[in-house]
Amino acid sequence: METVAGIFQTRAEAEKAVQQIHSQGISNDRIALLTPGMDNEQVERTVPTADSEQPGMGKAMGGTVGGAMGVAGGATLGMAVASLLVPGVGPVIAGGILGAAILGAGGTATGMAAGEALEEGLVKGLPHDELYLYEDALRKGRSVVIAFVDTDESTYAARTALVSAGAESIDAARESWWLELRDAEAADYETTGKNFQGDEASYRRGFEAALKTRGKDADAREGTALEIESDEAFRRGYERGKSYQNSLQGKTNS
């Protein structure tokens, strides 16, 4: 299972992409739409960040996931829609059960989602490594569309639909995200007497690893720990990445 994703400036563009992907024969249960919610009063559930909150997420991704139906307009095409409060992001409308599952991937609810709402193969294919980019886009008022595909033909069709609808690629979004942070990270790193330009690649890998390992299993965290032990620039970036993530928690969009 492969994920194909794009980021859009407006919900209307994202809805167009959903419609175009669906028209290529990709079913609604393989499409996710994430878009900023209207305000906190409309939020029905909070995405969990701890084991004790798993039951709430299971409910959100189960039979009651359609509670916020109507807010995503014609893009739903029969998709279930949930209104969720995502820590560090704010109110988010998650179109499709996969949309709610993706937002839960940053916490610890994925296992329950598999049991209650999703096929195991889809759960394993959730794009954990890109979650921080989706969240960054949502904080900026943008929308995200993700298609889950399992053939070369479907992959091509989904990518073509995203480009046609005006999507920014995930790779481009990743570079823009880092450029916004780079100057501050360089300034902080160089207070240690080190050369940021020479160490940037390792430092950035560490920074992103702190965001990517959120909600991952012990093996993934262990692999990161080994690199922390062997690479000082990576370790410094990792710690800064954790601080960055912590600084976002509790913040919501106005």
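Quantities reported herein were computed from a predicted structural model and do not represent experimental measurements.

## A look at the pairing of strand β5 (residues 90-95)
Consideration 1: Most of β5 sits out of view: 6 of its 6 residues are buried.
Consideration 2: In terms of strand pairing, strand β2 (residues 31-36) meets β5 through 4 bridges, oriented antiparallel. Across the sheet, residue Pro 36 finds its bridge partner in β5, namely Val 92.
Consideration 3: Here 6 bridges tie strand β4 (residues 81-86) to β5, and the two strands are oriented antiparallel to one another. Within β5, the position partnered with Ser 83 by the bridge is Ile 93.

## Some details on the packing of aromatic side chains
Consideration 1: For the structure on display, the rule yields 10 aromatic pairs.
Consideration 2: Considering the side-chain rings of Tyr 132 and Trp 177, the 4.9 Å spacing of their centres and the 65 degrees angle between planes classify their relative orientation as edge-to-face. Here the residue Tyr 132 occupies a position in helix α6 (residues 131-139), and Trp 177 occupies one in helix α8 (residues 170-190), the gap between them amounting to 45 residues. Like Trp 177, Tyr 132 is buried.

## As for the layout of surface pockets
Consideration 1: There is about 200 Å³ of room inside the second largest pocket.
Consideration 2: Lining the second largest pocket we find 13 residues, and of these Val 4, Ala 5, Leu 162, Ser 169 and Ile 170 sit closest to its centre.
Consideration 3: Of all the secondary-structure elements, those providing two or more residues to the lining of the second largest pocket are β1 (2-8), α7 (152-164) and β7 (168-169).
Consideration 4: Among the elements that take part in the lining of the second largest pocket, β1 stands out by supplying 5 residues, more than any other.

## What to know about the confidence of the model for the protein
Consideration 1: Residues with a pLDDT of 70 or more make up 67% of the protein, whose mean pLDDT is 76.
Consideration 2: The secondary-structure element of the protein with the lowest mean pLDDT is helix α4 (residues 110-116), recorded at 40, while α8 shows the highest, at 97.
Consideration 3: Low confidence marks residues 40-46, where pLDDT is under 50. Its contacts with residues over four positions away, or in another chain, come to 19 contacts.
Consideration 4: Predicted confidence for residues 106-116 stays below pLDDT 50, and this span has 27 contacts to residues more than four positions away or in other chains.

Conventions used here
- Residues numbered from 1 in each chain as written.
- Predicted model: local features only at pLDDT ≥ 70, side-chain atom pairs only at ≥ 80, totals over all residues.
- Heavy atoms only, no water.
- Buried < 20%, exposed > 50% of the residue type's maximum accessible area, 1.4 Å probe, protein only.
- Helix = DSSP H or I, 4+ residues; strand = E, 2+ residues; numbered from the N terminus.
- Pairing = 2+ DSSP bridges.
- Phe/Tyr/Trp six-rings, centres within 6.5 Å; stacked < 30°, edge-to-face > 60°.
- 1 Å grid on protein atoms, 1.4 Å probe; cavity = no way out; pocket = protein on both sides within 12 Å on 5 of 7 lines; lining within 4 Å.
- Points joined across faces, edges and corners; volume = space filled by probe spheres on them.
- pLDDT = per-residue confidence, 0-100.
- Contact = heavy atoms within 4.5 Å.

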